[in-house]
Amino acid sequence: MMCRCALACCLLVIAFAQVDSEAGASNSADVAFHFSKQLYNVSIPENSVAKTYATQTPGSELMGIRLPPNTFSDIRYRIVEGDKDKFFKAEHRIVGDFCFLFIRIKTGNNDVLNRERKDKYILQVRATASIKEGKQKVQYTSDTTVVVTVLDTNDLTPLFYPTEYNATVFEDTPVHQSILKVIAEDADLGKNGEIYYSFIEETDKFAIHPMSGIISLSRPLRYNEGTYHELTVLAQDRGALTKHGGMFSKAKVRIRVKKVNFFAPEIRIRNHPQIVENSNADIYAIVNVSDRDSGIHGEIASLDIVDGDPDGHFRIRPTRQKGEYNIEVLKLLDRETTPQGYVLQLRASDRGIPPRESYKSVSVKLTDLNDNAPVFNKEIYDVKVKETAPVNTPLIRLKVTDADEGKNAQVFLEIVGGNEGGEFSINPETGMLYTAVLLDAENKQFYSLTVSAIDQGNAGTRKQSSAKVKIYVEDANDNDPIFEKSEVTVWIDENMPAGTSVTTVHAKDRDRGENAYISYLIVNLNKVPFEIDHFSGIIKTNQLLDYESMRREYILRVRASDWGLPYRRQTEMQLTVKVKDINDNRPQFEKVDCVGHVPRYVPIGTEIITLSAIDFDAGNIISYRIVSGNEDGCFSIDATSGTITVSCDLNDIRVSERELNVTATDNTHFADIARVRFKLVNAKRNTVASGKLLSDDTGAFDCKDTGVARRLTEVLADAEDNNKPLAQEEFPMMPTRYGQNVHSPEFIDFPVEIKVNESVALGTTLVVLKARDRDLGYNGKLIYGISGGDIHSQFCLDMETGELKVIGYLDREREYEYFLNVTVYDLGKPQKSSSRVLPITVLDVNDNAPKFEKALASFRVTENALNGTAIFRANATDADEGDNAKVTYSLVTDTRDFHVDKTTGVLTVSNILDRERQDLYELRIRATDGGGKGPDNPPLYSEALVRISIDDINDNAPKFSLPNYTVKIREDIPRGTVVAVVTASDPDLGPEGEVLYSLEDSDSDGTFKIDRLSGTIRTTKPLDFEERQVHSLIVFASDKGNPSMSSEATVTINVVDVNENMHAPQFSDFVLTGEVKENKPVGSFVMQVNATDMDPPGGDSNVEYSIRGGDGIGIFTIDNQGRDLFLLNLNLFQLCSIINLVMKVRRRIVFGIRYAMFCNGKPIHLIVNN
């Protein structure tokens, strides 16, 4: 009660203040006349009929002019600007102290508002009024701006442009891919301009997005199922989708299915397994190309060789049969040029659009034709061998290759020329050339062998080639110098000067080089008057020889010595030098300078004197002659005896004294003149007996003795002494080392056995053999050789040092033991030798990796195979021995699904297999031997590839991409709209992986359906938020397995509400007037208001009422459901001001209403705003 009194007091204070103010204003000369605002906003629907009023936004300030009491009259509103088309009219209505301004559609205008043409008008409105002051009227004006917004109404139909759509879709277009987009436009605004698209016909193959108009595939297209689809698309604006119906248009969509080139051509080949090179075979293979497509896509355009034949040896030619081609050999094939054969890459192209291609490799294996002769690595080989080389000495390994393969490349060698004496042999397999006999460089120092290499091709096709091997036999000092004659007698004239050549001795040595260089020596122990040139063998005198006094015969021992090493060879000859007496002495008179007398009476023929001359030369005949003093011929001399006789009558000689000069000659030399001087005397005539002078040979002469006779006696004594037989030998014996070859060689510390690793490097020395010989010189000089057991030419024994080396690669796996027959020879004559057997054991080295019986294997196993299931047994062997041949197995591939037994090599399943996780395993099984020690010598291994394909079983249910799907969709979408697409995948293969969809819609009454193939969910009925806001669907995905497996997913569809309340409630008038007396009790009925809604009957047309404002402190209340206004407070008479009440008429959207009521004779008004 106290509160109410306080409230009443407040109201009275306000009322009195207002009354005073008004009183003051009425007395004022300046009265306010203006609009409540300078700018108002109103709206009016387009196409409105005449007398349709524009409305303000609810809650806006009142549009008009507030009037002081009892002031203005003749108030008018008019539009002065902005209404060019004369659509609008301004009206006024005075309610209480407020003059309302209303804008409405003018009558009598044939045109209508069109928002699409013009959506806004800016009107200048002028208000006029007058005040009567005495007898005069004062005019007042006020201007304001009213912006009229033309509201859209759903007056336009959506328009397609174009109205027909054509699309060509390939039949392999993926599901849910967009095909085309239809476009319709609606010039309306808001929902009136929003368009929904839908198909008129029901279709499972296509779906259209209701808002974007994009048409997509919802099922795979198949050309064989239909090549043409015609759809009718309906475009309807959302304003038309209310319960009142609306406007729509249609468009035609024609979709042509274009056949797709699904399949690439398939290539099948029927070919020869092998083709012989250089053969005349024309066709190697027949190729059939087919295509599972039909039409042009199934036609084969071409088959080409695109790789593997860079030189164009093959070509492809079509046959008369469709799809059949021949691979023809265009050029002669040569396996040696392409030993791996050819891998032809075929490409088949069809005529599809776009064309498809497929490729296939054709392996062309060329069978070897024996068309290549063996080839030596050299045409001419030069070899040097010592002539002392023992039999079976290796000389050179001839290397021969044959570009063929197999037996055609297996080459045997033989000596076909130059070996007429069988001096050499050759290992036909290894090509090692050996000596076969002892060589003699003196007999033949050069051999030119022709070695032929013959392959082992079939008879009649074998090829051969040859090479020259020039063998130079190196000389050894194995020959003594040989004199041409062992005994020679030569003559030399006596008295030749020193240095006179006596003879030349010549010895020949059959060796060569220094071994044949000979030096000579006279080896006589006693001094001889000869010397020999050491190199030329010329024997010269080193002093004068005198036949008469010196030795007349010399026996010289001449030794010839070669320069060979390590020992010189020597020989001797006997040279007898006989001194030949020559006429080297002049006759010498025994007496010279004879003086005497001769009687004149001596008769003719009388010997007057005999001159005697001695010649030291033996056997010379001396003759005498008078060289002077006998010009008259009165004297003569006996040429033989030297006796001078008278040959004329001395009496006739007038001179008394004569001198005869006599000389003696041996027919070569002349003696010095012997003068015989005598006087002719006239003595008594006596008879001379026998015509000789009496007295001695000189007659009556005195001569000078020359001593020649004595000297001759001495010479003869010397000659006799010098030519006596010698008491001892004049020359030494030959050295004793050139005696007979007595002893045979013998080995020293001969090894019992030699063990060598098979990996030994070439040139490695295995052992140095030692031997001795108790002979001297060449008889004790030793050489070594392998006389047998080296069948593979693996070893070489140095003939000089006895060093045994490896010259061929050893392979224990081919030959693990050798027994070499080793022989040591001396160089004596006759040659002696000794032989031993040398065992050589080849030790194993880990040089062979394990080898799999099958290096590639393929198997299939189902994915439900149990652990421990055996798949494959790997079997690898190692050619080595011992630990090197011990094989262990391991799995190189990193997997837990399989295991290989370390010892047995059995591959087993070790984990649960899942084809969907992995459908192919390529397992590498490694076989490792037990050889190798340390990081630098690891064990050897090899690998085998095992491909395991996992066969599928139906062990997987289809799986949705999401367990739960939640979608939102407007309630006004067209029927048939796709609301969701669920996808499930099944990793199984074949039918077991094909998914079918089904829908359980027990609580939705068939509102939705699902495409069983694509999982597309569509609406089958209109949705209504008011009836049901949520739809819960269960989608099942099942495979085609037997038995089938399935899974499910939940699809929750939330229906989004769409405001279907198209019309706001409308009061009967903009201003309702009512009265209430003061002092009415609380709850008194004041008045009844009424609003109507143009929506269809139902929730959207039910009206609720409420007061928005204007009742100040809550004086009034209104029934929410009804229309009655009641009084809540008393003492209203105290309220003299205008109370504004705002009522709200509500469905869901609130609208404002203003009421003006009268208080103390003044109206209390209520104004309703839309």
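Residues numbered from 1 in each chain as written. Predicted model: local features only at pLDDT ≥ 70, side-chain atom pairs only at ≥ 80, totals over all residues. Heavy atoms only, no water.

- The chain is annotated in an unreviewed UniProt entry as Cadherin domain-containing protein from Rhamnusium bicolor.
- We quote the UniProt Subcellular location (unreviewed entry) comment for the chain here in full: "Cell membrane". (UniProt positions renumbered as here; feature names shortened; annotations may be inferred.)

With respect to the overall build of the chain
Working step 1: Helix and strand counts for the chain come out as 2 helices and 91 strands.
Working step 2: The buried share of the chain, reckoned over its 1170 residues, is 45%.
Working step 3: The long-range share in the chain, meaning contacts at least 24 apart out of those at least 6 apart in sequence, stands at 70%. (Helix = DSSP H or I, 4+ residues; strand = E, 2+ residues; numbered from the N terminus. Buried < 20%, exposed > 50% of the residue type's maximum accessible area, 1.4 Å probe, protein only. Contact = heavy atoms within 4.5 Å.)

A look at the sheet that holds strand S75 (residues 978–981)
Working step 1: Spatial strand order, S75-S79-S78: 3 strands in an open sheet with antiparallel pairing. Edge positions in the sheet fall to S75 and strand S78 (1008–1010), since each of these pairs with one other strand and no more. Direction aside, neighbouring strands of the sheet carry axes that sit 20° apart on average.
Working step 2: Sheet topology places S78 next to strand S79 (residues 1016–1019); 3 bridges connect them, and they run antiparallel. Bridged to Phe 1008 within S79 is Thr 1019. (Pairing = 2+ DSSP bridges. Axes fitted to C-alpha atoms, helices over the stretch in contact; angles between N-to-C directions.)

Quick notes on the packing of aromatic side chains
Working step 1: Applying the stated criterion to the full structure yields 32 aromatic pairs.
Working step 2: With 6.1 Å between their ring centres and 55° between their planes, Phe 160 and Tyr 197 make a pair best called tilted. Within this pair, whereas Phe 160 is found in strand S9 (residues 159–160), its partner Tyr 197 is found in strand S13 (residues 195–199), the two being separated by 37 residues in sequence. Each of the two residues, Phe 160 as well as Tyr 197, counts as buried.
Working step 3: Measuring from ring centre to ring centre gives 5.0 Å for Phe 424 and Tyr 447, while their planes differ by 80°; the resulting arrangement is edge-to-face. (Phe/Tyr/Trp six-rings, centres within 6.5 Å; stacked < 30°, edge-to-face > 60°.)

A look at the side chain of Thr 500
Working step 1: In this structure, Thr 500 sits in the loop between strand S37 (487–493) and strand S38 (501–504).
Working step 2: Here Pro 497 takes part through its backbone oxygen, which lies 2.5 Å from a polar atom of the side chain of Thr 500.
Working step 3: Residue contacts for Thr 500: discarding those within four places in its chain leaves Ile 539, Lys 540 and Thr 541. (Polar contact = N/O pair within 3.5 Å; in protein donor to acceptor, adjacent residues only side chain to side chain.)

So, the state of the cysteines
Working step 1: If you walk through the whole model with that rule in mind, you get 2 disulfides.
Working step 2: With its sulfur 1.7 Å from that of its partner, Cys 594 forms a disulfide with Cys 703. The S-S bond linking Cys 594 to Cys 703 shows a torsion near 115°; that makes this disulfide right-handed. Of this pair, Cys 594 sits in strand S46 (residues 591–599) while Cys 703 sits in strand S54 (residues 701–705), and the two are 109 residues apart along the sequence.
Working step 3: Taking relative accessible area as the criterion, Cys 594 reaches 1% and is therefore assigned buried.
Working step 4: You can call Cys 703 partly exposed: its relative accessible area is 22%.
Working step 5: A disulfide bridge connects Cys 634 with Cys 648, and the sulfur atoms are separated by 2.0 Å. Note on the Cys 634 and Cys 648 pair: the S-S dihedral is about 115°, so by sign convention the disulfide is right-handed. (Disulfide = S-S within 2.5 Å.)

Some remarks on the nonpolar core
Working step 1: Among the nonpolar cores identified, the biggest contains 31 residues, and Phe 88, Ile 103 and Val 146 are the most heavily contacted of them.
Working step 2: Elements with a minimum of two residues in this core: strand S1 (39–45), strand S4 (73–81), strand S5 (88–95), strand S6 (98–105), strand S7 (120–133) and strand S8 (136–151).
Working step 3: By residue number, the principal contributor to this core is S7, which donates 6 residues.
Working step 4: The contacts of Val 146, once residues within four sequence positions are left out, are Tyr 40, Val 42, Met 63, Leu 101, Ile 103, Tyr 121, Ile 122, Leu 123 and Val 125. (Core = buried A, V, L, I, M, F, W, Y, C linked by side-chain atoms within 4.5 Å.)

So, the sheet that holds strand S23 (residues 324–329)
Working step 1: In space, the 4 strands of this open sheet follow the order S18-S20-S23-S22, with antiparallel pairing throughout. Only two strands of the sheet have a single partner each, and these edge strands are strand S18 (266–271) and strand S22 (314–318). Sheet twist, expressed as the mean angle between neighbouring strand axes with direction ignored, is 25°.

With respect to the side chain of Thr 388
Working step 1: One can find Thr 388 in the loop between strand S28 (380–386) and strand S29 (394–397).
Working step 2: Aside from chain neighbours lying at most four places away, what touches Thr 388 is Ala 476, Ile 783, Met 799 and Leu 827.

Concerning the pattern of salt bridges
Working step 1: In total, this model carries 52 salt bridges according to the counting rule given.
Working step 2: Two residues, Arg 675 and Glu 659, come together in a salt bridge whose shortest N-O distance is 3.9 Å. Of this pair, Arg 675 sits in strand S53 (residues 674–681) while Glu 659 sits in strand S52 (residues 657–665), and the two are 16 residues apart along the sequence.
Working step 3: The salt bridge involving Arg 772 is made with Glu 746; its shortest N-O contact spans 2.7 Å. Of this pair, Arg 772 sits in strand S58 (residues 770–772) while Glu 746 sits in strand S55 (residues 746–748); the two residues are 26 residues apart in sequence, bridging distant segments of the chain.
Working step 4: Within the structure, one salt-bridge network assembled from shared partners comprises Glu 164, Glu 230, Lys 252 and Arg 254. (Salt bridge = Lys/Arg side-chain N within 4 Å of Asp/Glu carboxyl O.)

Here's the deal with helix H2 (residues 708–722)
Owing to its 3.6 residues per turn, the α-helix aligns residues three or four sequence positions apart on the same side.
Working step 1: For H2, which comprises 15 residues, the first-to-last C-alpha distance of 21 Å matches the rise-based estimate of 21 Å (1.5 Å per residue) to within 8%.
Working step 2: Those residues of H2 lying buried are Val 708, Leu 712, Val 715 and Ala 719. Along the long axis of H2, the arc covered by the buried residues comes to 60°, so they all point the same way. Opposite its buried face, H2 presents the exposed residues Arg 710, Thr 713 and Glu 720, each directed more than 90 degrees away.
Working step 3: Among the structural elements, strand S45 (588–589) and strand S48 (613–614) are those in contact with the buried residues of H2. (Expected span 1.5 Å × (residues − 1). Arc of directions from axis to C-beta.)

A word on the environment of Val 892
Working step 1: For Val 892, the position within the fold is in the loop between strand S68 (887–891) and strand S69 (898–900).
Working step 2: Assessed through its relative accessible area of 36%, Val 892 is described here as partly exposed.
Working step 3: Expressed as a C-alpha distance, the spacing of Val 892 and Glu 943, which sit 51 residues apart in the sequence, is 8.6 Å.
Working step 4: In this structure Val 892 touches Arg 924, Arg 926 and Glu 943, once residues within four positions along its chain are discounted.

A look at a positive patch on the surface
Working step 1: Taken together, the side chains of Lys 51, Lys 86, Lys 89 and Lys 106 define a basic patch exposed on the protein surface.
Working step 2: Of note, Lys 86 is situated in the loop between S4 and S5. (Patch = residues over 30% accessible without salt bridge, like charges linked within 9 Å, V, L, I, M, F, W, Y side chains within 5 Å. Areas by Shrake-Rupley, 256 points an atom, 1.4 Å probe, with all protein chains shown as cover. Lys, Arg positive; Asp, Glu negative; His and termini not counted. Charge placed at Lys NZ, Arg CZ, Asp CG, Glu CD.)

Things to note about the confidence of the model for the chain
Working step 1: When pLDDT is averaged across the chain, the result is 84; 89% of the residues are at 70 or more.
Working step 2: Here residues 1–29 is a poorly scored stretch, pLDDT under 50, and it has 16 contacts once near neighbours within four places are set aside; other chains count.
Working step 3: Here residues 1130–1170 is a poorly scored stretch, pLDDT under 50, and it has 203 contacts once near neighbours within four places are set aside; other chains count. (pLDDT = per-residue confidence, 0-100.)

Re unusual backbone geometry
Working step 1: Each neighbour pair has its own omega, and for Ile 353 with Pro 354 the value is -10°, a cis peptide bond.
Working step 2: Mapped onto the fold, Pro 354 is located in the loop between strand S24 (342–350) and strand S25 (357–364).
Working step 3: Of the consecutive residues Lys 829 and Pro 830, the connecting peptide bond is found in the cis state with omega at 0°.
Working step 4: For Pro 830, the location among the structural elements is in the loop between strand S62 (817–826) and strand S63 (833–843).
Working step 5: A positive phi angle is found at Lys 51, which is not glycine, with a value near 70°.
Working step 6: Along the chain, Lys 51 falls in the loop between S1 and strand S2 (55–56).
Working step 7: According to the relative accessible area criterion, Lys 51 is exposed, its value standing at 54%.
Working step 8: In this model, Asn 495 sits at a positive phi of 65°, which is unusual for a non-glycine residue.
Working step 9: When you line up the elements, Asn 495 lands in the loop between S37 and S38.
Working step 10: A relative accessible area of 36% means that Asn 495 is categorised as partly exposed.

As for the pairing of strand S61 (residues 803–806)
Working step 1: Going residue by residue along S61, you find Leu 804 and Val 806 tucked away on one face and Glu 803 and Lys 805 left uncovered on the opposite face.
Working step 2: As paired strands, strand S57 (residues 765–768) and S61 are joined by 3 bridges and run antiparallel to one another. Looking across to S61, one finds that Val 767 is bridged to Leu 804.
Working step 3: As defined by bridge partners, strand S60 (residues 795–797) adjoins S61 across 3 bridges and the pair is classed as antiparallel. Within S61, the position partnered with Leu 797 by the bridge is Leu 804.

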